[in-house]
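Residue-level listing of the chains:
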Amino acid sequence: MSSLRNYVPRRAHKDRFQPQARKKFVILEKPKYYRQRAKAYNAKENIIQILKENPDEFYFNMIRTKTVNGVHIPELARKRMQVRTISFMYMYILIELGT
């Protein structure tokens, strides 16, 4: 009995069509195009992962930082350090003049 059931050709499943009432919202994505888009996305993500593992790679944060004694210091931290050193120098001058 099962061999007879396997012998009869089965109806192929087709992709869904876009209902006329839903055409105004968004195009219904076919599975074929979804797989294609997913494969491209995963390939890009893999490339990004490989680039992140490389320490010599370029990052935009490199533009906004400077190295001081081999340590990257962001621009905002550099400005804070400048203000702090000026205030320390001012305090030191007041202490020297006071004594």
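Residues numbered from 1 in each chain as written. Predicted model: local features only at pLDDT ≥ 70, side-chain atom pairs only at ≥ 80, totals over all residues. Heavy atoms only, no water.

Novice: Can you help me understand the overall build of the protein in this one?
Specialist: For the protein, the helix and strand inventory stands at 3 helices and 2 strands. Taken from N to C terminus, the helices and strands of the protein fall in the order α-α-β-β-α. Sorting the 99 residues of the protein into buried and exposed places 3% on the buried side. As presented, the protein carries roughly 10,400 Å² of accessible surface, and 61% of it is formed by carbon and sulfur atoms. (Helix = DSSP H or I, 4+ residues; strand = E, 2+ residues; numbered from the N terminus. Buried < 20%, exposed > 50% of the residue type's maximum accessible area, 1.4 Å probe, protein only. Areas by Shrake-Rupley, 256 points an atom, 1.4 Å probe, with all protein chains shown as cover.)

Novice: Just checking my understanding: could you explain the side chain of Q18 for this structure?
Specialist: Turning to its location among the elements, Q18 is positioned in the loop between α1 (2-7) and α2 (31-53). There is a polar contact of 3.0 Å between the side chain of Q18 and the backbone oxygen of R22. (Polar contact = N/O pair within 3.5 Å; in protein donor to acceptor, adjacent residues only side chain to side chain.)

Novice: I'm lost on the pattern of salt bridges in this one. Help?
Specialist: Here the idea is simple: oppositely charged side chains can pair when their charged atoms come close. Taken as a whole, this structure holds 1 salt bridge when the rule is applied. Of the charged contacts, one joins E29 and R37 as a salt bridge, the two residues approaching to 2.9 Å between their closest N and O atoms. Taking relative accessible area as the criterion, R37 reaches 48% and is therefore assigned partly exposed. (Salt bridge = Lys/Arg side-chain N within 4 Å of Asp/Glu carboxyl O.)

Novice: What am I meant to see in a nonpolar patch on the surface here?
Specialist: A cluster of nonpolar residues, F88, M91 and I95, forms a patch on the protein surface that exposes about 300 Å² of accessible area. For F88, the position within the fold is in helix α3 (residues 75-98). (Patch = residues over 30% accessible without salt bridge, like charges linked within 9 Å, V, L, I, M, F, W, Y side chains within 5 Å.)

Novice: Please clarify how the confidence of the model for the protein should be interpreted in this entry.
Specialist: One rule of thumb: low pLDDT means the predicted coordinates there are not for detailed reading. Looking at the protein, the pLDDT average stands at 78 and 80% of residues meet or exceed 70. Mean pLDDT values over the elements of the protein span from 71, in strand β2 (residues 71-74), up to 89, in α2. (pLDDT = per-residue confidence, 0-100.)

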